Amino acid sequence: GIAAAGGGPVLAPIGRVRNRWRASIFRRWLLDTFGLEMLTQGSGVVDVAGGQGELSFELINLNGVPSTILDPRQGWNIEKAVRLLEIGQYHSTDALMRHVTVPL
């Protein structure tokens, strides 16, 4: 099974999250739970049902974690994601910067 970075059980984030920030919150939970080293092992992360690709975009561009999206639907909007990155949407506060591991 999968264990958290500290060896304890894997606990899911608690509470209802607005859809708009779901991928960002999940990315930070992955980093806190499994650690950057584990996420970058092998070929990185497989983002199953990745939809518009927000999670993979953030993992790649904010943490340098290789990520592959598996989703039969189309919907990737790279222009929107790049625009949000450029205006600081993913890293505009100290709390968000704590989970950014690549130079911006």
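Reading guide: rules and limits
Residues numbered from 1 in each chain as written. Predicted model: local features only at pLDDT ≥ 70, side-chain atom pairs only at ≥ 80, totals over all residues. Heavy atoms only, no water. Pairing = 2+ DSSP bridges. Helix = DSSP H or I, 4+ residues; strand = E, 2+ residues; numbered from the N terminus. Right-handed = clockwise from strand over helix to strand, strands pointing away. Salt bridge = Lys/Arg side-chain N within 4 Å of Asp/Glu carboxyl O. Buried < 20%, exposed > 50% of the residue type's maximum accessible area, 1.4 Å probe, protein only. Contact = heavy atoms within 4.5 Å. Expected span 1.5 Å × (residues − 1). Bend = angle between axes of the 7 residues up to and from the residue.

Participant: Kindly report on the pairing of strand β2 (residues 67–70), identifying the contributing residues and their values.
Facilitator: Both strand β1 (residues 45–48) and β2 contribute to a ladder of four bridges, which runs parallel. Along β2, the bridge assignment pairs V46 with T68. Since β1 and β2 lie parallel, the crossover through helix α2 (residues 54–63) that links them has a hand, and here it is right-handed.

Participant: I'd like to hear about the pattern of salt bridges, residue by residue, with values.
Facilitator: Taken as a whole and assessed by the stated rule, the structure comprises two salt bridges. As a salt-bridge pair, R27 and E58 come within 2.8 Å of each other at their nearest N and O atoms. With a gap of 31 residues between them, R27 in helix α1 (residues 22–39) and E58 in helix α2 connect regions that are remote in the sequence. Here R27 matches E58 in class, with each residue buried. R98 is paired through a salt bridge with D32; the nearest N and O atoms lie 3.9 Å apart. With R98 in the segment after α4 (94–97) and D32 in helix α1, the pair connects residues that are 66 residues apart, well separated along the chain. For D32, a relative accessible area of 47% corresponds to the partly exposed category.

Participant: Kindly report on the environment of L62, identifying the contributing residues and their values.
Facilitator: Turning to its location among the elements, L62 is positioned in helix α2. Sequence separation between L62 and V102 is 40 residues, and the spatial gap between their C-alpha atoms is 5.7 Å. Setting aside residues no more than four positions away along its own chain, L62 makes contact with R27, F57, L85, Y90, H99, V100, T101, V102 and L104.

Participant: Outline α1, supporting the account with residue identities and numerical values.
Facilitator: Taking 1.5 Å of rise per residue, 18 residues should cover 26 Å, yet α1 covers just 19 Å from first to last C-alpha, more than 12% shy of that figure. Remark: the principal bend of α1, roughly 80°, maps to T33. Against the buried residues of α1 lie β1, α2 and α4.

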